[in-house]
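These are the residues of each chain, in order.
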Amino acid sequence: MEDVHSSIKELAELKLEYDIISRKVLYDVMEKIFYNKSEPLPNLKNRNHAILILGREKEMMPSTLARFLNLKKSSVTSIIDYLEKDGLVKRTADPMDRRKIWISLTSSGYRYMDVLEGCVEKIVNVMLEGLEEDEIDEMLESMRSVVNLERKISAYVSDN
């Protein structure tokens, strides 16, 4: 039992450290990419995250998007209003329950998502500049494992 407890404690510490390091690396890479350029650092905040989430999930209710973004529903409503005004998302009434609203990307939203994914690819390219090929392969394999385990955890949590 002590082994399980220490594993859980170490996993919690590693998860926190990973989240902190990931954010620091992302910020540092963005500064490197946009250093001394006329354009400002792009906003990597909630609007872009909402686009990426909706692109992957296809459709969701605003309350679900709020949970994904860890925001209050009122904040997400503002984000959705902004994205809808820009033609990137659309609201659709649920045919079975008119009180429910579903949010999804428009074709312009999917094109914008492609641009965002291209930016992420550029960011990752800069992040990996200092690594050897075998280290990149190791990171790729590790990320595949982590993502697969997170999917399994997500499915389990959703079902219970």
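Conventions used here
Residues numbered from 1 in each chain as written. Predicted model: local features only at pLDDT ≥ 70, side-chain atom pairs only at ≥ 80, totals over all residues. Heavy atoms only, no water. Salt bridge = Lys/Arg side-chain N within 4 Å of Asp/Glu carboxyl O. Helix = DSSP H or I, 4+ residues; strand = E, 2+ residues; numbered from the N terminus. Buried < 20%, exposed > 50% of the residue type's maximum accessible area, 1.4 Å probe, protein only. Patch = residues over 30% accessible without salt bridge, like charges linked within 9 Å, V, L, I, M, F, W, Y side chains within 5 Å. Areas by Shrake-Rupley, 256 points an atom, 1.4 Å probe, with all protein chains shown as cover. Lys, Arg positive; Asp, Glu negative; His and termini not counted. Charge placed at Lys NZ, Arg CZ, Asp CG, Glu CD. Pairing = 2+ DSSP bridges. Contact = heavy atoms within 4.5 Å. Axes fitted to C-alpha atoms, helices over the stretch in contact; angles between N-to-C directions. Parallel < 35°, antiparallel > 145°, perpendicular 65-115°, else oblique. Left-handed = near helix turned anticlockwise from the far one by under 90°. Core = buried A, V, L, I, M, F, W, Y, C linked by side-chain atoms within 4.5 Å. Expected span 1.5 Å × (residues − 1). Arc of directions from axis to C-beta.

Quick notes on the pattern of salt bridges
In step 1: All chains considered together, the criterion is met by six salt bridges.
In step 2: Among the salt bridges present, the one from Arg91 reaches Asp81, with a minimum N-O distance of 2.6 Å. Remark: Asp81 occurs in helix α4 (residues 73–85) and Arg91 occurs in strand β2 (residues 89–93); sequence separation between them is ten residues.
In step 3: Glu84 is the partner of Arg91 in a salt bridge, and the nearest nitrogen-oxygen pair spans 2.3 Å.
In step 4: On the basis of relative accessible area, Arg91 is assigned to the partly exposed category, the value being 30%.
In step 5: Residue class for Glu84 comes out partly exposed when judged on its relative accessible area of 33%.
In step 6: In this structure, a network of salt bridges that share partners links the residues Asp81, Glu84 and Arg91.

What about a negative patch on the surface?
In step 1: There is a patch of like negative charges on the surface, built from Glu132, Glu133, Asp134, Glu135, Asp137 and Glu138.
In step 2: Topologically, Glu133 is positioned in helix α6 (residues 133–159).
In step 3: The exposure class of Glu133 is exposed, given its relative accessible area of 63%.

Quick word on the sheet that holds strand β1 (residues 59–60)
In step 1: Sheet architecture is open: three strands sit in the order β1-β3-β2, paired in antiparallel fashion. Unpaired on one side and paired on the other, β1 and β2 mark the two borders of the sheet.
In step 2: As paired strands, β2 and strand β3 (residues 101–105) are joined by five bridges and run antiparallel to one another. Bridging from a neighbouring strand, Lys90 pairs with Ser104 of β3.
In step 3: The sheet strands contacting α4 are β2 and β3, and the helix crosses β2 at an angle near 110°.

Some remarks on the packing of helix α2 (residues 46–57) against helix α3 (residues 62–69)
In step 1: It is the contact of α2 with α3, at a shortest axis distance of 10 Å, that shows an interaxial angle of 120°. Judged on the interaxial angle alone, α3 and α2 are oblique. Our pair here, α2 against α3, has a crossing hand that is right-handed. Where α2 abuts α3, its residues Asn46, His49, Ala50, Ile53, Leu54 and Glu57 lie against Leu65, Phe68 and Leu69.

Section: the pairing of β3
In step 1: Of the pairings in the sheet, the one linking β1 to β3 comprises two bridges and is antiparallel in character. Within the sheet, the bridge partner assigned to Glu59 lies in β3 and is Ser104.

Notes on the nonpolar core
In step 1: Judged by nonpolar contacts, the single largest core of 18 residues is most densely connected at Ile51, Leu54, Leu65, Leu69, Leu83 and Val89.
In step 2: At the level of elements, α2, α3, α4, β3 and α5 (107–127) are the ones that each hand at least two residues to this core.

Some remarks on α5
In step 1: The terminal C-alpha atoms of α5 lie 30 Å apart, and with 21 residues this matches the ideal 30 Å at 1.5 Å per residue to within 8%.
In step 2: Of the residues making up α5, those classed as buried are Gly109, Met113, Leu116, Ile123 and Val126. Along the axis of α5, the buried positions cluster into a sector of 130°, meaning they face one direction only. Opposite the packed face of α5, turned more than 90 degrees from it, sit the exposed residues Ser107, Arg111, Glu121, Lys122 and Asn125.

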